[in-house]
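Observations on the three-dimensional arrangement
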Amino acid sequence: QVQLVESGGGLVQPGGSLRLSCAASGSIFSITMGWYRQAPGKQREMVAVLTKGGVTNYADSVKGRFTISRDNAKNTVYLQMNSLKPEDTAVYYCNLDRGPVRSGPRNYWGQGTQVTVSS
């Protein structure tokens, strides 16, 4: 069984910072790990992804403020969030993409962690 364990969410004032982490339970291989978020009444959106080869992709709304990093050996991904805005308030979900696989699910998801940016 593969599980993604998330931590680091919480309440922060505008302009503050948070660091999210997500670790896969085992040594499962992944091509891409990343973060998605879903605000109330909104669809889930990609925030940042990082491939095994080090290629990053960020949503335009977070470029210059968020930084994604990855520990390939541990299948762990981090999201450093700076200069937080109220619009960043959402449940953040960790994602692990195994790429093409012979069987089983390609994608795994964390349970979600709440990030609230408010005065």
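Residues numbered from 1 in each chain as written. Predicted model: local features only at pLDDT ≥ 70, side-chain atom pairs only at ≥ 80, totals over all residues. Heavy atoms only, no water.

Attention shifts here to the packing of aromatic side chains. If you walk through the whole model with that rule in mind, you get one aromatic pair. Residues Tyr-36 and Trp-109 carry aromatic rings whose centres are separated by 5.1 Å and whose planes lie at 70° to one another, so their mutual orientation is edge-to-face. You can see Tyr-36 sitting in strand E4 (residues 32-38) and its partner Trp-109 sitting in strand E10 (residues 107-109), a full 73 residues away along the chain. On the basis of relative accessibility, which here comes to 38%, the residue Trp-109 falls in the partly exposed class. It is Arg-44 that lies over the ring of Tyr-93; its NZ or CZ is 3.9 Å from the centre. A cation over a ring is seen here: Arg-44 above Trp-109, with NZ or CZ 4.8 Å from the ring centre. (Phe/Tyr/Trp six-rings, centres within 6.5 Å; stacked < 30°, edge-to-face > 60°. Helix = DSSP H or I, 4+ residues; strand = E, 2+ residues; numbered from the N terminus. Buried < 20%, exposed > 50% of the residue type's maximum accessible area, 1.4 Å probe, protein only. Lys NZ or Arg CZ within 6 Å of the ring centre and 35° of its normal.)

It is worth spelling out the state of the cysteines at this point. Taken as a whole and judged by the stated rule, the model has one disulfide. Paired by a disulfide, Cys-22 and Cys-94 hold their sulfur atoms 2.0 Å apart. In this structure, the disulfide formed by Cys-22 and Cys-94 twists by about -85° around the S-S bond and is classed as left-handed. Here Cys-22, found in strand E3 (residues 18-24), pairs with Cys-94, found in strand E9 (residues 90-97); they are 72 residues apart in sequence, far enough to count as distant. Each member of the pair, Cys-22 as well as Cys-94, is classed as buried. (Disulfide = S-S within 2.5 Å.)

Attention shifts here to the pattern of salt bridges. Per the counting criterion, the structure on display carries five salt bridges. Among the salt bridges present, the one from Asp-88 reaches Arg-37, with a minimum N-O distance of 3.0 Å. Of this pair, Asp-88 sits in the loop between strand E8 (76-81) and E9 while Arg-37 sits in strand E4, placing them 51 residues apart in sequence. Summarising the burial analysis for this pair, Asp-88 and Arg-37 share the class buried. Between Arg-106 and Asp-97 there is a salt bridge; the shortest N-O distance is 2.8 Å. A residue is classified by how much of its surface remains accessible, and Asp-97, at 13% relative accessible area, is buried. (Salt bridge = Lys/Arg side-chain N within 4 Å of Asp/Glu carboxyl O.)

So far we have only geometry, and geometry alone does not tell us how the molecule works.
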